[in-house]
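These are the residues of each chain, in order.
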Amino acid sequence: MPGSDDRAGFDRRRFLKRGLFGGTLLVLGGALPFVFRTTRRGSRPRRPLRLLSPDEYAVFAAVAARIVPGDGADARWPRAEALDCAGKVDALMATTHPDVGHDFRRLLRLVESGFLGTFTAGSPRPFTRATAAEQDARLGAWRRSRLAILRSGYQALKRLADAAYYSSPEIYALCGYPGPPVVPELPAGTP
Amino acid sequence: MSAAGRIVTGAEIPDLSSVEVDFVVVGSGAGGSTAAAVLAAAGARVVVLEEGGHYTRRDFNMQESWAYPALYQEHGNRATDDLAILILQGRSVGGGTTVNWTSSFRTPERTLALWAARHGVRGLDAATLAPHFAAAEQRLDVGVGDPDDVNNNNRKLQEGAAKLGWRPELIHRSVKGCARLGYCGMGCPLDAKRTSRTTYLADAIAAGADVYSDCRAKLVETDRGRARAVVADVLDRASDRPRGRFVAYARRGIVLAGGAINTPALLLRSKAGTDSGQVGRRTFLHPTVPIVAFYDQPIEAFYGPPQSVSVHHFADRGERVGYFLETAPVHPMLAALAFPGFGDTHRKIVERLAFAQSTIALLIDGHHDDEGGVVEVNGDGRIKLGYPLHASLREAAVAAIADMARLQLAAGAREVMTLHETPLVIRSEADLGAIAAAPFGPNLHTMFSAHQMGGAAMGEDPARSVVDSRGRHHQLENLWIADGSVFPTSLGVNPQLSIYALARLFATEIAKPG
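The rules behind these values
Residues numbered from 1 in each chain as written. Chains lettered and ligands numbered in written order. Predicted model: local features only at pLDDT ≥ 70, side-chain atom pairs only at ≥ 80, totals over all residues. Heavy atoms only, no water. Helix = DSSP H or I, 4+ residues; strand = E, 2+ residues; numbered from the N terminus. Buried < 20%, exposed > 50% of the residue type's maximum accessible area, 1.4 Å probe, protein only. Contact = heavy atoms within 4.5 Å. Areas by Shrake-Rupley, 256 points an atom, 1.4 Å probe, with all protein chains shown as cover. Salt bridge = Lys/Arg side-chain N within 4 Å of Asp/Glu carboxyl O. Axes fitted to C-alpha atoms, helices over the stretch in contact; angles between N-to-C directions. Parallel < 35°, antiparallel > 145°, perpendicular 65-115°, else oblique. Nonpolar A, V, L, I, M, F, W, Y, C, P; charged D, E, K, R; others polar. Pairing = 2+ DSSP bridges. Right-handed = clockwise from strand over helix to strand, strands pointing away.

Asks: Go over the overall build of chain A, please, and point to the residues and values.
Replies: Looking only at helices and strands, chain A features 9 helices and 0 strands. Mapped in sequence order, the helices and strands of chain A form the string α-α-α-α-α-α-α-α-α. For chain A, with 191 residues in total, the buried portion stands at 53%. Relative to all contacts within chain A whose residues are 6 or more apart in sequence, the contacts with residues 24 or more apart total 66%. When the accessible area of chain A is evaluated, it comes to approximately 8900 Å², of which 57% is carbon and sulfur surface.

Asks: How would you explain the pattern of salt bridges if you had to name every residue and give the values?
Replies: All names here are of chain B. Scanning the entire structure with this criterion turns up 48 salt bridges over all chains. Across the pair R320 and E395 runs a salt bridge whose closest N-O atoms are separated by 3.8 Å. With R320 in the loop between β14 (309-311) and β15 (323-327) and E395 in helix α10 (residues 391-410), this pair connects stretches of sequence that are 75 residues apart. Measuring nitrogen to oxygen at the nearest pair gives 3.0 Å for the salt bridge that ties D344 to R347. Of this pair, D344 and R347 both sit in helix α9 (residues 343-350), 3 residues apart, which is roughly one turn of the helix. Overall, the relative accessible area of 23% leaves D344 in the partly exposed class. Bridged by salt links that share partners, the residues E51, R91, D214, R216, R237 and D240 form one connected network.

Asks: How would you explain the environment of G5 of chain B if you had to name every residue and give the values?
Replies: Residue and element names in this part refer to chain B. One can find G5 in the segment before β1 (7-8). For the pair G5 and N378, spaced 373 residues apart in the sequence, the C-alpha separation amounts to 36 Å. If near-sequence neighbours (up to four positions away) are discounted, G5 is found in contact with I205, G208, A209 and D210.

Asks: Help me get a handle on the packing of helix α7 (residues 132-143) of chain A against helix α8 (residues 148-166) of chain A, residues and values and all.
Replies: In a packed pair of helices, the relevant descriptors are the angle between the two axes and the axis-to-axis distance. Residue and element names in this part refer to chain A. For the pair α7 and α8, interaxial distance at closest approach is 7 Å and the crossing angle is 120°. In this view, α7 runs oblique relative to α8, as classed from their interaxial angle. Counted together, L139, W142 and R143 of α7 and L150, R151, G153, Y154 and L157 of α8 form the full contact between these two elements. Class assignment for the residues of the contact of α7 with α8 results in 5 nonpolar, 1 polar and 2 charged.

Asks: Could you give an account of the pairing of strand β2 (residues 17-26) of chain B, with specific residues and numbers?
Replies: Residues and elements named next belong to chain B. The element β2 is extensively covered by neighbouring structure, given that 8 of its 10 residues are classed as buried. Where β2 meets strand β11 (residues 242-256), 9 bridges bridge the pair, whose relative direction is parallel. By the bridge assignment for β11, S18 is matched with V247. Strand direction decides the pairing type here: β2 and strand β3 (residues 46-49), joined by 4 bridges, are parallel. Looking at β3, one finds that F23 is bridged to V46. With helix α1 (residues 30-41) bridging β2 and its parallel neighbour β3, the resulting β-α-β unit is right-handed.

So, to be careful, I would describe these as geometric facts and stop short of saying anything about function.
Written as C-alpha cells, this is what we have:
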C-alpha cells in the first residue's frame, strides 16, 4: 500500500494551501495521534455529542472554563460547564462545513499537546491535566504569540467559548444588560 | 398578469426536482430581490434561490444565541482565513438586509469618478443612478435623518465630532414605524425595518416569482458560452447539511446576487467565466476597527437605533487611506467577542457594558494601492478569504484609533479603551501617543467587517474585470451579477442602497427585449 508518509505529505500540502480554520498550524495537530491517551475527562456531556469525541469535548470544556469568568474571583458568574458551553459549541460546529469541524478537532488536539505546551509556555502536561495557572499561561502565550497562527488558534477558542457563554440569558444581569425589551403590540391582522 | 408566486422552503422540495423558468436569480438580498422584482414585473418567469432559511418577524426573538447562527453566514463564524477579521454577513431570505443596521447612503460621487478613471467603468454617474436611487429610497421608506433616532451611543459620536469640528451627519434609515428597539442586527420583530424580504422580494412574489429557501447554489452549468442552469443543494434546516438536489434551468438568463464572497466563490466552484483571472480578486471589506469609551452615566448602547450618526471628515485623506466613523451596538455576545483578554480580566470589561460607548472606524479599502482580499474555493467547495492587512491600511487604522479616542474624550468619556490584545487606556490627550507605538496586526487588535464588496468587479476591460458596467459577464453572455461583488473598490459608505440601485439599473437593462 502507498506509504502513510505519502498520505501525510498530501495532507500537509493541502493544509499549507489553506489558512487556519484551515491552517498550517493544524498540520501539527494531525501529527499528534496519541495526545488524548492522557486526557482528563471532566464533566460528562449533557447530550449526545454531534461532532467531538469525549476527549475533544473534555479539552474544549477545559479551555472554556479558563476563557469565561466562572472559575474566577467573582462567584456570581456561572461556570462554563453550568451554561453547557462545550455542548453548545459541539452542536454549533456540527453544522459547519465538514472541513471546518475537522480543523476544529485538530486544533483541540494541538491544545491538549504537552509538546506544544512546553514549546509555548514551558508547561509539559496535557492541557486538561495542567493547573489553572498553567492553562492561563498557555492561552496567554498563544494570545500574544509572535506566531500569527497561534494567535489565530487562540481567537478561534476564545470566540467560540465567549459566544456560547455571553449569548446565555443567565449572564445578562451580571453584564448590566436588562435583556430584550417588550415588543409593542401590532394591530390585529398585521402580517 | 401572472398568479402570485410563493416561498417554498427546503422541506417542501423533492430531491432531484427541477424547474425551468426565464430567469434564475441566486440570492434574495438587496440585489437579488430587486432584480427579481424588476424581471417579474416585466413579465418574465423568475425563481429566486436562497441558501438561508425563511424567517419572519415572529421568529426574531432578539436573542443573539438564535440570531447569529440562524441569520448569518457560517452561523456567525465567517472570518478571513487567519481569523483576523470577523465577517458579519447575512444569510436568510432577505440576505444581508435582514440583519443590517438600516443605514442608507447613495454611492459617493468621488467613488463613481474613481471607478470611471481607474477601473474602466463607463456610463455609471450620479445622474444615471439618480432615478434608481430615488425609486429604491421610496420603496424602502428611506427617510431623512431623524434627531429622535439618536440614542446615547450615537449622541456621544455626534457631540464629540461637533466639538472637534468634524461635521457629524444624521444617517438616513430604511425604516417605517420604527420603535427604536435596537435589534436591527438580529432581525426586526416589528418588520419596521424595510428589508428586501418585505419590499422587493414581496413585489417579485406578487408578480409571480417563486422563492426557494434553503437552496445553496452549488454550480452554474454552462454550455457553449451560455449559462443554462443553477444546481443547488437543498439544505436540511436543522443540520445545515444537504438533503437533496434541485436544479433551476434558465431559458433567458441567470442573475447572481449571493453577495460578495459567495458570488465569486460560486463562479470559481463552477469553473465558469473565470478566464480573466479576476474572479475572487479585489475583495473589499471596509475593515472595521472599534474602540470602547466608558462614561460615568449609563449609555445602554444595546437599545435604540444602532446607527444614526456618521462622520466622514476623514474619508478623503489624500494619498493615505481614508475612513469614516459610525457606531456599533453592544449586546453582550458581540461585545464579548470584541473585548480583549479572557477570564477575570475580560469579565471586568464586560461588567461595564451598560456604560460603554462603541465607536467604529471603517477603512475605505481599494481606493489606493491596497488590492483587498482574495476569495478561493478548495476541492470540497469550502470558501477561503485571504485578506492581507496592507501597510497603508494599518496606518489608517492606527490613525483612526487615535481620532476616535480624541473624539470620545471630547464628548466627555471618563476613559477610552482600545481593543488591542493588550488594551491601552486613554484618559487624556497625553495618552494618545501610546497608540502609534502599540503593535497592530492580525489578531493583535479586534477587527470586523459588516460590508463585503468586490470580487467580481465591473468594468469595460475583460482582462481587468468580470462583468461590464451593466453587470453582464464578459464571457457568459446571459449571466449577470447584481450584488456588491461588482464594486471595483469599496464604497466609502454603507452599501445596501447602492446595491439596490445598481441591481435596479442592471435588471431594467436585462428586462429589455432582445
